[in-house]
Amino acid sequence: MNIVGSIFKKPKLVQVITTAEKVVKVKLSNGHEMPGIALGTYLGFDKNGVIKSENKQLRDAVLNAIDLGYRHFDTAAIYDTEQEIGEAIKMKIDSGDVRRSEIFITTKLWNTHHKRDEVLTALKESLANLGTDYVDLYLMHWPIGLNKDYTYSDVDFMETWRGMEDASKLGLAKSIGVSNFNEEQLKRLLKEATVKPVALQIEIHPQIIQTNFVQFAQDNGIVVMAYSPLGSLVPRFGMQLPGPKMDDPVLTEIANNYKKTTPQVVLRCLVDRKIVPVVKSVNAKRQSDNIHIFDFSLSKEEMDKIYAFDSHTRFTLPSFWQDHPYYPFEKIDQPIADPFIKPTSV
Ligand SMILES: NC(=O)c1ccc[n+]([C@@H]2O[C@H](COP(=O)([O-])OP(=O)(O)OC[C@H]3O[C@@H](n4cnc5c(N)ncnc54)[C@H](OP(=O)(O)O)[C@@H]3O)[C@@H](O)[C@H]2O)c1
């Protein structure tokens, strides 16, 4: 072979696998597919209520996330982030980087709209905020109904579910599901629903692994989504809470086996359980770390070491609602005060 021939060989066709393609897709029971990691977008709350995005911080975080390969965004009417998510998605669609059909949007119905006809009103408002004519997944945020003045409403969550079913039948939500239901409530829903829930979003991290409940949901064809997946590794409500931290020696040893970080190990543990992590970050480096979890897998022994942290500890425990007839969690002796700012007029 002459030299020229060896230098100017025909280029081989190399398929470039993007991160978005590496993210596993989870099949929902109605045939739709959900990208196997979601970007969380709840910015938390302080004394003034839910923290709002400033200077388009969230929009820019979503733009960056799309560049990194995130295709699934988790929001809720109460987070006040729908608008900036919609803005970012529109920018990326307009620039030709993604199509709407490649993006999966999950949003949630807030507790003050649990009457059947209020569900569609609330969803239409979310759709307007998001600038889209459908969401991929609409979740009932809690089984708890509240009146507009935040007093308890005794509306049955099955009545609310009928409104969710209306949304599904109208195509305004491609799929419907629930969040913060307990096992008994989910059993009743499965028995009485005409349109079955395809997803359940609950708190799961090393300190609350929810083995039986996850198994029950998965056995019934429901995809489980894990919120607050980093648990005590990161500060919560501005505090370091008890539990394993980023430098935990057990997690660090596992992480070193794969040249990964401890948050990546904790997230991968969920993926290995066929659970979809919903992880929030507005930081480019951390967003990138969090999505690079689809190129390794934990051994059973490593998973067992992570399960050993389980202490059934919830960080989302709205005990101020614990006297509500549909409160899903265990009651505690000294409930905390309701942090939600109630409307002054209704
Ligand atoms: N259904 C429900 O009732 C419910 C309840 C709670 C949450 N959620 C959803 O779940 C999402 C996630 O839950 P979450 O926000 O409570 O908890 P999380 O995702 O476990 O933790 C978020 C915190 O960890 C930091 N972080 C993210 N990645 C990191 C990394 N690789 N290394 C170090 N720190 C990292 C973030 O800060 P930076 O942003 O600065 O990186 C943020 O402070 C929410 O945003 C929301 O969408 C749903």
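Values in this document were obtained by computation on a predicted structure and should not be read as measured data. (Residues numbered from 1 in each chain as written. Predicted model: local features only at pLDDT ≥ 70, side-chain atom pairs only at ≥ 80, totals over all residues. Heavy atoms only, no water.)

## Considering the site of the ligand
Phase 1: Taken together, 26 residues lie near the ligand, and Asp74, Ser228, Arg236, Ser281 and Arg286 sit nearest.
Phase 2: Within the contact set of the ligand, an oxygen atom lies 3.2 Å away from a backbone nitrogen or oxygen of threonine 41.
Phase 3: At a separation of 3.3 Å, an oxygen atom of the ligand approaches a polar side-chain atom of histidine 141.
Phase 4: In the complex, the protein chains occlude 87% of the 900 Å² of accessible area that the ligand would expose alone.
Phase 5: Contributions of two or more residues to the shell around the ligand are made by strand E12 (276-280) and helix H11 (284-291).
Phase 6: Residue contributions to the shell around the ligand peak at three residues, all from E12. (Near = heavy atom within 4 Å. Polar contact = N/O pair within 3.5 Å; in protein donor to acceptor, adjacent residues only side chain to side chain. Areas by Shrake-Rupley, 256 points an atom, 1.4 Å probe, with all protein chains shown as cover. Helix = DSSP H or I, 4+ residues; strand = E, 2+ residues; numbered from the N terminus.)

## Details of the UniProt feature "active site" (unreviewed entry) in the protein
Phase 1: According to UniProt, the feature "active site" (unreviewed entry) maps to Tyr79 in the numbering used here.
Phase 2: Its location among the elements puts tyrosine 79 in the loop between strand E6 (72-74) and helix H4 (82-94).
Phase 3: Ignoring anything within four residues of it in the chain, the contact list for tyrosine 79 reads Thr41, Tyr42, Val50, Ile51, Asp74, Lys108 and His141. (UniProt positions renumbered as here; feature names shortened; annotations may be inferred. Contact = heavy atoms within 4.5 Å.)

## A few points about the packing of aromatic side chains
The geometry of two aromatic rings is summed up by the distance between their centres and the angle between their planes.
Phase 1: Applying the stated criterion across every chain, the model contains nine aromatic pairs.
Phase 2: Look at phenylalanine 157 and phenylalanine 181: their rings are 5.0 Å apart centre to centre, the planes differ by 65°, and that puts the pair in the edge-to-face class. Here the residue phenylalanine 157 occupies a position in helix H6 (residues 157-169), and phenylalanine 181 occupies one in the loop between strand E9 (173-179) and helix H7 (183-192), the gap between them amounting to 24 residues.
Phase 3: Owing to a relative accessible area of 2%, phenylalanine 157 belongs among the buried residues under this scheme.
Phase 4: By relative accessible area, phenylalanine 181 is classed as buried at 1%.
Phase 5: A centroid spacing of 5.1 Å and a plane angle of 45° characterise the contact between tyrosine 258 and phenylalanine 296, whose relative ring orientation is tilted. (Phe/Tyr/Trp six-rings, centres within 6.5 Å; stacked < 30°, edge-to-face > 60°. Buried < 20%, exposed > 50% of the residue type's maximum accessible area, 1.4 Å probe, protein only.)

## Notes on the packing of H6 against H7
Phase 1: For the pair H6 and H7, the least separation of the axes is 11 Å and the interaxial angle reads 50°. With respect to each other, H6 and H7 are oriented oblique. Between H6 and H7 lies a crossing of right-handed hand. Note on element contacts: H7 touches H6 through Gln185, Arg188, Leu189 and Glu192, opposite Phe157, Met158, Trp161 and Arg162.
Phase 2: Of the residues that constitute the contact of H6 with H7, the class distribution is four nonpolar, one polar and three charged. (Axes fitted to C-alpha atoms, helices over the stretch in contact; angles between N-to-C directions. Parallel < 35°, antiparallel > 145°, perpendicular 65-115°, else oblique. Left-handed = near helix turned anticlockwise from the far one by under 90°. Nonpolar A, V, L, I, M, F, W, Y, C, P; charged D, E, K, R; others polar.)

## Some points on the pairing of strand E7 (residues 104-109)
Phase 1: Most of E7 is tucked away, with six of its six residues classed as buried.
Phase 2: Note: E6 against E7, three bridges, orientation parallel. Bridge assignment links phenylalanine 73 to a residue of E7, and that residue is isoleucine 105.
Phase 3: The β-α-β motif built from E6, the intervening H4 and the parallel element E7 has right-handed crossover chirality.
Phase 4: Each parallel crossover has a hand, and for E7 linked through helix H5 (residues 116-130) to strand E8 (residues 135-140) it is right-handed. (Pairing = 2+ DSSP bridges. Right-handed = clockwise from strand over helix to strand, strands pointing away.)

## Considering the nonpolar core
Phase 1: One finds Phe73, Tyr138, Trp161, Leu186 and Leu200 to be the most contacted residues of the largest nonpolar core, which totals 74 residues.
Phase 2: Beyond its immediate chain neighbours, meaning those up to four positions away, tyrosine 138 contacts Thr107, Lys108, Leu109, Val119, Ala122, Leu123, Met164, Ala173, Ser175, Ile176 and Gly177. (Core = buried A, V, L, I, M, F, W, Y, C linked by side-chain atoms within 4.5 Å.)

## Focus: H5
An α-helix turns once every 3.6 residues. As a result, residues three or four positions apart point the same way.
Phase 1: Along its 15 residues, H5 runs 22 Å from first to last C-alpha, staying within 8% of the 21 Å computed at 1.5 Å per residue.
Phase 2: Taken residue by residue, H5 has Glu118, Val119, Leu120, Ala122, Leu123, Ser126, Leu127 and Leu130 as its buried positions.
Phase 3: Next to the buried residues of H5 lie H4, E7, E8, H6 and E9.
Phase 4: Immediately beyond the C-terminal end of H5, within one or two residues, lies glycine 131, with a positive phi of roughly 65°. (Expected span 1.5 Å × (residues − 1).)

## Considering the environment of tyrosine 307
Phase 1: Following the sequence through the fold, tyrosine 307 ends up in helix H12 (residues 300-307).
Phase 2: A C-alpha to C-alpha distance of 9.8 Å links tyrosine 307 and glutamine 210, two positions 97 residues apart in sequence.
Phase 3: Leave out the neighbours within four places in its chain, and tyrosine 307 touches Ile209, Cys269 and Arg273.

## Overview of the pattern of salt bridges
Phase 1: Throughout the structure, instances matching the rule amount to 22 salt bridges.
Phase 2: With its nearest N and O atoms 3.1 Å apart, the salt bridge here joins arginine 59 to aspartate 60.
Phase 3: Residue aspartate 94 pairs with lysine 90 through a salt bridge whose shortest N-O separation is 2.7 Å. Of this pair, aspartate 94 and lysine 90 both sit in helix H4, four residues apart, which is roughly one turn of that helix.
Phase 4: On the accessibility criterion, lysine 90 (52% relative accessible area) is exposed.
Phase 5: Several salt bridges share partner residues, and in doing so they unite Lys56, Arg59, Asp60 and Glu87 into one network. (Salt bridge = Lys/Arg side-chain N within 4 Å of Asp/Glu carboxyl O.)

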